[in-house]
Amino acid sequence: MLINHLLPCGALTNTGSAFWQMISQQEKIKLLHFMRFVRLFDRRMVLWQRQGKIGTYAPVEGQEASQIGSALALNKLDWIFPSYREQGVAFTLGIPTTSIIQYWSGHIEGCKPPIGYRYVPPTVPIATQLPHAVGAAWSIKKRKEDAIAIAYFGDGATSEGDFHEALNFAGVFHLPVLFFCQNNGYAISVPFEKQSATKSVVDRAKAYEIDEYQVDGNDILAVYDVIKNARKKKRPALIEAMTYRTGAHTTADDASRYRCEEEVRVWLNRDPLYRYEQLCIKEGLLDEEQLTKEDEKMAIHLDQSMKEVEQKTPNLPSGLFNHVYYQLPNWLEKQQEEASEDVNNGSVHC
Amino acid sequence: MLTMVQSIADAQRVALELDENVLLLGEDIGKNGGVFRATEGLWEQFGSDRVIDTPLSEAGIVGSSLGLAMGGFKPIVEIQFLSFITPAFEQIVSHVARMRLRSQGVFSNSMVIRAPYGGGIGAPELHSDSTEAYFVHTPGLRVVVPSSPYTAKGLLLGAIECPDPVLFLEPLRLYRSRKEEVPSSYFTCPIDKAKRWREGEDVTLIGWGAMIPILIDASQMLIEQDISAEVIDLQSLSPIDEDTIFDSARKTGRVVIVHEAPRTCGVGAEIAARLSEEVIDSLEAPIKRVAGYDVPYPLFALEHAYLPNVNKVVRAVMELVYFQ
């Protein structure tokens, strides 16, 4: 059964009203602010890509409720294994904006998590991060930590072998790991009905004896509630958030080749930010003046972050060699000297 | 006196005793003690929380081991045969080898992946491949191959001590071929150094793993022809110990490289390339490879025709000695 707290028009369902009573004012405002920030940030990233300031980019727009709702339900010790479209998760968890920009500008330094964070660099191949999350959950269980591991992935990932191997391990060893699928309907151009004979992703949970939740992924309250609830249980679970990327797969993709306008329009009417804003207006939580100020602050923050990345990111050949091994071995030291020599003799411009 | 497979079990026992973060994962490694008994007795001694029988799922084993390594554990993974490592190939080359780099030093990728490998024992189809070159071609990994019971224990403990991920390839043919004295205590052999088994003046024979007894036998036969051969056991395929092979090649002026893997783009090709870049002035003859043919490893009825042997090595040496 699809868990739904907030309807596209912004009205609460019965379960939604109950959940709304349970959460604090502060939480409600946080959800709103992060949704607005992430949308602004994401649109700015697309713009920067068009201006040639960053590389190919995978936009989040449309999936903010899934990403922010889940991220805000996590705790500091939780291990997070994102795929490449989780800028909303990263931003919400406090990964510096500069790191996210660095990564999409082609700098490996952007992958480095801040001290004390268990936020793993985004995984680019499909579904391969799921077994890693299983291992991290295993380590949590062995050390008896109050934490879980969560892996983010899309509907396409559910066709990969690693998805099934990971869910099987999680079921066999009873590990505290959440498999969070944002089913946005498409794996680049291939629609879910061509990806899977089962009607939904959660159908697969039964095969591995793990918990299952199917949630309206454009409903931030429902996602927040489901993840809070699932993480408390410390049991393996498959969560399917039904959502839609309103943009293209990446800035190199043209979604109009495989999706009709009418379908996109239907989903724009289910926009996650719009519906939560409608609720906040009704509940008197939306302070226009305050929000405008916040938006302006965010715009300044984004510009400053970009400037910082442009000015401060190192771009030396040593970046090729650092951390390939625990210590730079002597045979790579020689190759590093070669690379530096190429810079010195003008063969390579840095 | 221990066989190689016993010394490998012993190394893992010592590692499990020494460090509570060491975990063993693999198929049939628990109650069964491994299909080759390389984990014999460890499940009984350390229990199923540390000697873990996993589902039959190579990508799952290696992928979850990476997660465990990130959480501070030290997994030692057994892949039942190197031929069966391919489902985990993506995990190894795309993730295990890169996690330290991608996290810029924050997350550990320290683990040992053990795999029995190589031919010559009449094993079923797809149980005998030597695919070491795939992994030598992958930056971030180390690849180590022992050739005796003593060095197997020392190198395996050295690999376990190493903070980098190590693929530890165990030559099937040597598992029980001979016994020798192996200390029961903790000791390591350096995992980035080649070993000189025999000193010689006229030709350098380079090999690793199951080729070493063949090279030693060949050097014995060559003595009868008055040819003195130096036998070098690479031990570490990644990195390659250049100093040892360059010194030897400069001394003898002739090099034969011997491996079971197909010739094209085998590790022998890399060694030959490095020799030609660095010591070509000292060479008196072309560098010669004796290797598997560029065909899939045959079913066992024909493996004797595929594999390098003493005669093939001796013939190759003769070609070099009489090279004009």
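Anything mentioned here points back to the structure above.
The paragraphs below set out a description of the structure included in this document. Owing to the predicted nature of the structure, the values given are computational and were not obtained by experimental measurement.

**What to know about the pattern of salt bridges**
Residue and element names in this part refer to chain B.
And step 1. In the structure shown here, the tally under the stated rule is 33 salt bridges over all chains.
And step 2. The partner of Arg 114 in a salt bridge is Glu 170, with the nearest N and O atoms 2.6 Å apart. With Arg 114 in strand β4 (residues 112-117) and Glu 170 in strand β6 (residues 166-171), this residue pair connects regions lying 56 residues apart in the sequence.
And step 3. Glu 170 sits in the buried class, given a relative accessible area of 0%.
And step 4. For Glu 180, the salt bridge is made with Arg 178, and the minimal N-O distance between the two is 3.3 Å.

**Examining the interface of chain B and chain A**
And step 1. Every contact between the two is made by 45 residues of chain B and, on the other side, 39 residues of chain A.
And step 2. Of the roughly 3400 Å² buried between chain B and chain A on both sides combined, carbon and sulfur atoms contribute 66%.
And step 3. In this assembly, chain B and chain A are joined by one salt bridge.
And step 4. For the pair chain B and chain A, the interface holds 18 residue pairs in polar contact (both at pLDDT 80 or more).
And step 5. Those elements giving two or more residues to the side of chain B that touches chain A turn out to be β1 (22-26), β2 (51-53), α3 (58-70), α4 (89-96) and α5 (99-102) of chain B.
And step 6. Tallying contributions element by element places α3(B) first for the side of chain B that touches chain A, with ten residues.
And step 7. Residue classes in the side of chain B that touches chain A are distributed as 19 nonpolar, 17 polar and nine charged.

**With respect to the packing of aromatic side chains**
And step 1. Applying the stated rule across the entire model yields 28 aromatic pairs over all chains.
And step 2. On the numbers, 6.2 Å between centres and 75° between planes, the contact of A:Trp20 with A:Tyr276 is edge-to-face. Taken together, the residues A:Trp20 in helix α1 (residues 14-22) and A:Tyr276 in helix α11 (residues 272-282) connect sequence positions 256 residues apart. Like A:Tyr276, A:Trp20 is buried.
And step 3. Here the aromatic rings of B:Phe81 and B:Phe84 are separated by 5.4 Å at their centres, their planes lie at 65°, and the arrangement is edge-to-face.
And step 4. Three or more aromatic residues joined by ring pairs make a cluster, and in this case those are A:Phe34, A:Phe37, A:Phe41 and A:Phe91.
And step 5. Between the NZ or CZ atom of A:Arg270 and the centre of the ring of A:Trp267, over which it lies, the distance is 4.4 Å.
And step 6. Between B:Lys195 and the ring centre of B:Trp197, over which it is positioned, the NZ or CZ distance is 4.8 Å.

**Some details on α4(B)**
Side chains three or four residues apart in an α-helix point the same way, a direct result of the helix having 3.6 residues per turn.
And step 1. Here α4(B) has its buried residues at B:Gln91, B:Ile92, B:Val93, B:His95 and B:Val96.
And step 2. Considering only its buried residues, α4(B) is in contact with α6 (129-142) and α7 (161-173) of chain A together with α3, α5, β4 and α6 (132-136) of chain B.

**Remarks on the sheet that holds β6(B)**
Residue and element names in this part refer to chain B.
And step 1. Reading across from one edge, β2-β1-β3-β4-β6-β5-β10 is the order of the seven strands in this open sheet, with mixed pairing throughout. Two strands bound the open sheet, and with one partner strand each, they are β2 and β10 (236-238). In this sheet, adjacent strand axes meet at a mean angle of 20° when their direction is disregarded.
And step 2. Here strand β5 (residues 142-144) pairs with β6 via three bridges, running parallel. Each residue of the ladder has a partner; that of Val 143, found in β6, is Leu 167.
And step 3. Those strands touched by α3 are β1, β3 (74-78) and β4, and its axis lies near 165° from that of β3.

**Overview of the nonpolar core**
And step 1. Core analysis: the biggest nonpolar cluster contains 79 residues, and A:Trp79, A:Phe179, A:Leu238, B:Ile113, B:Trp208, B:Leu234 and B:Ile271 have the highest contact counts within it.
And step 2. Residue contributions to this core peak at seven residues, all from α6(A).
And step 3. If sequence neighbours within four positions are ignored, B:Ile113 has contacts with B:Val62, B:Val77, B:Ile79, B:Ile85, B:Ile92, B:Val166, B:Leu167 and B:Phe168.
And step 4. Grouped together as the second largest cluster of nonpolar side chains are 63 residues, A:Leu74, A:Val89, A:Leu285 and A:Met298 included.

**Regarding the state of the cysteines**
And step 1. Under the defined criterion, the tally for this structure stands at zero disulfides over all chains.
And step 2. The thiol of A:Cys9 is unpaired, and the distance to the nearest cysteine sulfur, on A:Cys280, comes to 14 Å.

What counts, and where the lines are drawn
Residues numbered from 1 in each chain as written. Chains lettered and ligands numbered in written order. Predicted model: local features only at pLDDT ≥ 70, side-chain atom pairs only at ≥ 80, totals over all residues. Heavy atoms only, no water. Salt bridge = Lys/Arg side-chain N within 4 Å of Asp/Glu carboxyl O. Helix = DSSP H or I, 4+ residues; strand = E, 2+ residues; numbered from the N terminus. Buried < 20%, exposed > 50% of the residue type's maximum accessible area, 1.4 Å probe, protein only. Contact = heavy atoms within 4.5 Å. Buried area = accessible area lost by both parts, 1.4 Å probe. Polar contact = N/O pair within 3.5 Å; in protein donor to acceptor, adjacent residues only side chain to side chain. Nonpolar A, V, L, I, M, F, W, Y, C, P; charged D, E, K, R; others polar. Phe/Tyr/Trp six-rings, centres within 6.5 Å; stacked < 30°, edge-to-face > 60°. Lys NZ or Arg CZ within 6 Å of the ring centre and 35° of its normal. Pairing = 2+ DSSP bridges. Axes fitted to C-alpha atoms, helices over the stretch in contact; angles between N-to-C directions. Core = buried A, V, L, I, M, F, W, Y, C linked by side-chain atoms within 4.5 Å. Disulfide = S-S within 2.5 Å.

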